[in-house]
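Geometric and topological summary
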Amino acid sequence: MKSIEVKDISVSFSGFKALQKVDLKIEPGDALMLTGPNGAGKSTLLHTLLGLVLPDSGKILLDGMETKIDNSFKQKVAYLPEAVNFSDSLSAYNVLKFFAQVRGTDRIKIDETLRQVGLEKAKHRKVHTFSCGMRQRLGLGVLLMADSPLLILDEPTTGLDSEGISLLFDILQERRAKKQLTLFATHDFGLLERRASKMCIMQNGVVKALDTPDNLRSSVNLPTHIRFQSSPKAPQFAVLMEQLKATKIVLEDEQLSVETPRHNLAAVMSVWREFGVEAPAFRILEPELIDVYEALLEHQ
Amino acid sequence: MIGSVFNALLVHEYLERVRDRWIILISILFAALGAGVSLYSQNLEGMDSVQIAGPSLVTLATLFVPLVALILGHDAIVGERERNTLSLLLSLPISRTGLVVAKMLGRTAALCTSIIVGLGGAMILTAADGRGQILALMVPTILLGIAFLSMGVAISAIARRVTVAVNVAVALWFIFVFFFDLGLLELMVITEGAVSKELIHYLVLSNPAGLYRLEMLTYYNADIFTDEMGISVVMPSQTIRLLIWSLWAVVPLAIASWVMQKRQSFR
């Protein structure tokens, strides 16, 4: 599987339009993050790709060819639902054994997978005794064993501790390196910062924005925050920043911080260079993605 | 691989159900009561023990088997939904109908185990010459179980909560096992015989519990029971009976499959 594309997909439930002409393409090595407020249509879109929801119109293209979500398609997909759960009576080992059997995976991998997800000591414990985070780890184990060309995750960080999140990061990174396709819906912007290659913002069943995080930052042109080190030249520098129409200038005890539109950054750097060796060191803080997200939703 | 999903689900369903403590408990109770009936009938002097044990086992099975089957079936789909495992199962390479059928077959196998244990217990304790007649109960009892299991699976596909499914299953058990015949008798009394006995007879046969009871009581030549009910027992041909059993097995399952095809929400 090289690419999967959703074209003009619309879904409605009893007259409620859950998705409206959604277009989306996932390409090799993409880890595409779906985000948006509650009820935006994220899960509906994931469920459409899994064949759990039937679209009113539109099509799904697999490697450029229109495809049906049938059993042959589902063989290429692995899915982790939000707050995943398994049959109460099964142990962690038996859950993986079941999915190994279903996916035709070698059972030899089970112990190795349990070790990878940190559940080797709980391998014979029944799943109903697991915490939410442990079940989520086991879900990640199922995905590791499946190693499917397309991975679909719904709120994958739910219940995960730092080790679990680190494991999830490793999975996403490895998939990107192997040029596999990943689609996940989440509100966890920290996850996006580190591992998503693209971000799709949805609202009311419509795609509001779809691009790389960097391009989305540029598109909203939020002010960039520059924090200078403490310097006796700071007041002088602050005056020059005012002349450059920086949006916010804060000077406290010779420490200057400035907010300026992204497009103004080159001019700020030019002024800074004129100070030569006396210029204070600085750090550029890009706008947080949560701010980009909010700005995009407001802007639309 | 598609076959392997179906088989894996079927085996999983079977193993999970035979380990279910309620199913084990009811099976043991069924076996114990069956064995008790057999032992009691053997100790009655001057009477054919099978003639006593057979109809008693039929009554026992009519009470227990539909209950076990409905318990087995009621959470097949809705249980997965409530545990948030249904969407994960349906993301596997298996169709919705395939999922329903795999669940039905896995649970049918568990039900057969329960019935074999129950009647097997009674057979072991019955004198050797009477075992054949107890064995004759096996297949019709399994058919009775499948009919109610299929109803249970249909309930599980339609209900949105396990608690609702349980209530509906218990209500169906009361209706088919207790109130159906009583309702028909009531109908005969209220209409003062205006409703023909023939119609009543067919209505009795349309109820799987009624069909089973009449089929087995006829087999044991225990007409006294049906005569008391005022029903003239003319059993339809074996083909018709098999058709009725098949309809009870297939129609609720088809409804379950249809409901699943239409369903768009799995949480």
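Residues numbered from 1 in each chain as written. Chains lettered and ligands numbered in written order. Predicted model: local features only at pLDDT ≥ 70, side-chain atom pairs only at ≥ 80, totals over all residues. Heavy atoms only, no water.

Bringing the sheet that holds strand β7 (residues 150-154) of chain A into the picture now. Residue and element names in this part refer to chain A. The strand order across the open sheet formed by six strands is β6-β7-β8-β3-β9-β10, and the pairing between neighbours is mixed. Taken across any chain shown, the strands that pair with only one partner, and hence form the sheet edges, are β6 (77-80) and β10 (206-211). Shown here is a sheet whose adjacent strand axes are inclined to one another by a mean of 15°, direction ignored. Across four bridges, the pairing between strand β3 (residues 31-35) and strand β9 (residues 198-203) is parallel. Among the inter-strand pairings, M33 is bridged to a residue of β9, identified as M199. Contacts between helix α5 (residues 132-146) and the sheet are confined to β6 and β7, with β6 contributing the most and set at about 175° to the helix. Strand contacts of helix α6 (residues 162-177): β3, β7 and β8 (181-185), with the helix running at about 150° to β7, the strand carrying the most contacts. (Pairing = 2+ DSSP bridges. Helix = DSSP H or I, 4+ residues; strand = E, 2+ residues; numbered from the N terminus. Axes fitted to C-alpha atoms, helices over the stretch in contact; angles between N-to-C directions. Contact = heavy atoms within 4.5 Å.)

Turning our attention to the side chain of T260 of chain A. Residue and element names in this part refer to chain A. With respect to the helices, strands and loops of the structure, T260 is situated in strand β13 (residues 255-260). Within the structure, the side chain of T260 is placed 3.2 Å from the side chain of N264, a separation counted as a polar contact. The contact partners of T260, leaving out residues within four places of it in the chain, are P223, T224, I226, A246, T247, L265 and V268. (Polar contact = N/O pair within 3.5 Å; in protein donor to acceptor, adjacent residues only side chain to side chain.)

What follows is about empty space enclosed by the protein. The final tally for this structure, using the stated rule, is three cavities of 30 Å³ or more. Considering only enclosed or pocket space, the largest cavity measures out at about 140 Å³ in volume. Along its surface, the largest cavity is lined by 16 residues, and F86, S87 and F98 of chain A together with H12 and L89 of chain B are the ones closest to its centre. Those elements that provide at least two residues to the lining of the largest cavity are α3 (92-103) of chain A together with α1 (2-18) and α5 (86-90) of chain B. Considering only residue class, the lining of the largest cavity consists of eight nonpolar, four polar and four charged. Here the second largest cavity defines a volume of roughly 40 Å³. Along the walls of the second largest cavity sit I26, S27, F30, F64, V65, V68, L111, S114 and I115 of chain B, which together make up its complete lining. Contributing elements (two or more residues each) for the lining of the second largest cavity: α2 (21-42), α3 (49-73) and α6 (96-125) of chain B. Tallied by class, residues from the lining of the second largest cavity come to seven nonpolar, two polar and no charged. (1 Å grid on protein atoms, 1.4 Å probe; cavity = no way out; pocket = protein on both sides within 12 Å on 5 of 7 lines; lining within 4 Å. Points joined across faces, edges and corners; volume = space filled by probe spheres on them. Nonpolar A, V, L, I, M, F, W, Y, C, P; charged D, E, K, R; others polar.)

All names here are of chain B. Counted as a void, the largest pocket has a volume near 550 Å³. What lines the largest pocket is a set of 17 residues, among which E16, R17, R19, D20 and R21 lie closest to the centre. Only α1 and α2 provide two or more residues apiece to the lining of the largest pocket. For the lining of the largest pocket, the leading source of residues is α2, giving three residues.

Turning next to the interface of chain A and chain B. At the interface, 25 residues of chain A touch 25 residues of chain B. Of all residues in chain A, L52, F98 and V102 of chain A bury the most surface against chain B, accounting for 23% of the area lost on that side. Run the count over chain A and chain B and you get zero salt bridges. Where chain A touches chain B, the interface holds 13 residue pairs in polar contact (both at pLDDT 80 or more). A class-by-class count of the residues in the side of chain A that touches chain B yields 14 nonpolar, seven polar and four charged. (Buried area = accessible area lost by both parts, 1.4 Å probe. Salt bridge = Lys/Arg side-chain N within 4 Å of Asp/Glu carboxyl O.)

Function cannot be inferred from these measures alone, as they are strictly geometric.
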